[in-house]
Amino acid sequence: GAVVSQHPSRVICKSGTSVKIECRSLDFQATTMFWYRQFPKQSLMLMATSNEGSKATYEQGVEKDKFLINHASLTLSTLTVTSAHPEDSSFYICSARERRARQYNEQFFGPGTRLTVL
Amino acid sequence: DQQVKQNSPSLSVQEGRISILNCDYTNSMFDYFLWYKKYPAEGPTFLISISSIKDKNEDGRFTVFLNKSAKHLSLHIVPSQPGDSAVYFCAARDGGATNKLIFGTGTLLAVQP
């Protein structure tokens with residue numbers, strides 16, 4: 001099946017710093033990528049949807065100036081958590097949808113990034 | 001407001017028996033439902049799905065049942081195998097304006113040898 005990678009898998013940073021997370025589709029072209037956040041014992045919450053070459057669409061309650069998303073190519077999307085604070089500590093996971101996807105099951109997830117803000 | 005609920009955080013089943021994972025939803029606009037399986041340190045992988053126009057979909061050992069009137073779906077795994085031990089998420093597609101996936105909180109299935 002299609003492979004989506006994320007880097008880094010874990011990151012620990014100091015409060016006030018910015019952290020960039022990369023999401024790559026390794027063997028297919030992803031016109032759409034999704035960014036989710038998961039708090040312990042909670043569900044995956046969609047943060048934003050990004051389409052290659054256009055601005056991301058953010059879900060209600062997600063600050064677009066804090067969570068910067070860039071989808072510059074068909075294989076790469078980045079999420080930058082700016083001025084991170086301890087409450088941003090979470091598990092961030094991306095998924096990618098192939099250009100020719102017709103079904104919603106054709107959405108492939110990355111392994112996630114554990115962010116810890118001290 | 002949790003629109004997709006998995007009320008059992010964990011489930012333990014003996015190998016060879018049936019595993020039944022349940023999921024409830026509140027939004028009648030959901031038109032497509034999916035189950036994902038997730039191993040530790042890996043992303044969720046698609047398992048099986050069902051359209052709201054059907055009440056059952058089967059794929060090998062996995063069967064998903066949908067009861068629209070009760071807004072309930074379930075995933076049956078039979079026979080259960082130790083390799084099935086993972087977290088299972090149900091997800092629903094909002095067929096309304098947003099067309100996005102809403103996930104449940106997951107159920108950790110442990111299949112005992």
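In every chain, residue numbers begin from 1 and rise along the written sequence. Lettering of chains starts at A and numbering of ligands starts at 1, both following the order in which they are written. Selection of residues for local features in this predicted model requires a pLDDT of at least 70, selection of side-chain atom pairs for listing and counting requires 80 or more, and totals for whole chains, interfaces and linings are taken over all residues. With hydrogens and water set aside, each side-chain value is computed from the structure's full complement of heavy atoms.

A. Fine view of the sheet that holds strand E3 (residues 19-25) of chain B. Residue and element names in this part refer to chain B. Taken in spatial order, the five strands make up an open sheet running E1-E3-E8-E7-E6, and their pairing is antiparallel. Each edge of the open sheet is held by one strand with a lone partner, namely strand E1 (4-5) and strand E6 (56-59). The sheet contact formed by E1 and E3 spans two bridges and is antiparallel. In the strand pairing of E3, Val 4 is matched with Tyr 25. Strands are labelled as partners when DSSP assigns at least two bridges between them. Going along the chain from the N terminus, every DSSP run of H or I of four or more residues is numbered as a helix, and every run of E of two or more is numbered as a strand.

B. Inspection of the side chain of Gln107(A) at higher detail. The topology assignment puts Gln107(A) in strand E10 (residues 107-109). Residue burial is assigned from relative accessible area. The probe radius is 1.4 Å, only protein chains are included, and a residue is buried under 20% of its type maximum, exposed over 50%, and partly exposed in between. When its relative accessible area of 1% is taken as the criterion, Gln107(A) is described as buried. Identification of polar contacts relies on pairs of N or O atoms within 3.5 Å, with a donor-acceptor requirement for protein atoms, meaning one able to donate a hydrogen and the other able to accept it, and with residues adjacent in sequence counted only if both atoms are side-chain atoms. Among the polar contacts listed, one links the side chain of Gln107(A) to the side chain of Tyr36(A), at a separation of 3.1 Å. A distance of 2.7 Å separates the side chain of Gln107(A) from the side chain of Ser95(A), its partner in a polar contact. Note on definitions: a residue-residue contact is assigned when non-hydrogen atoms from the two residues lie within 4.5 Å. Among residues more than four places away in sequence, those in contact with Gln107(A) are Phe34(A), Tyr36(A), Ser95(A), Ala96(A), Tyr36(B) and Leu101(B).

C. Structural detail: the sheet that holds strand E7 (residues 67-73) of chain A. Residue and element names in this part refer to chain A. Pairing is antiparallel across the open sheet formed by four strands, whose spatial order is E1-E3-E8-E7. Of all strands in the sheet, those with a lone pairing partner are strand E1 (4-7) and E7, marking the two edges. Strand-to-strand twist across the sheet, computed as the mean angle between neighbouring axes with direction ignored, equals 15°. For E7 and strand E8 (residues 76-81), the ladder comprises five bridges, and the chain directions are antiparallel. Along E8, the bridge assignment pairs Asn 70 with Thr 78. To obtain each axis, a line is fitted to C-alpha atoms, and for helices this fit is confined to the stretch in contact; angles are then taken between N-to-C directions over 0 to 180 degrees.

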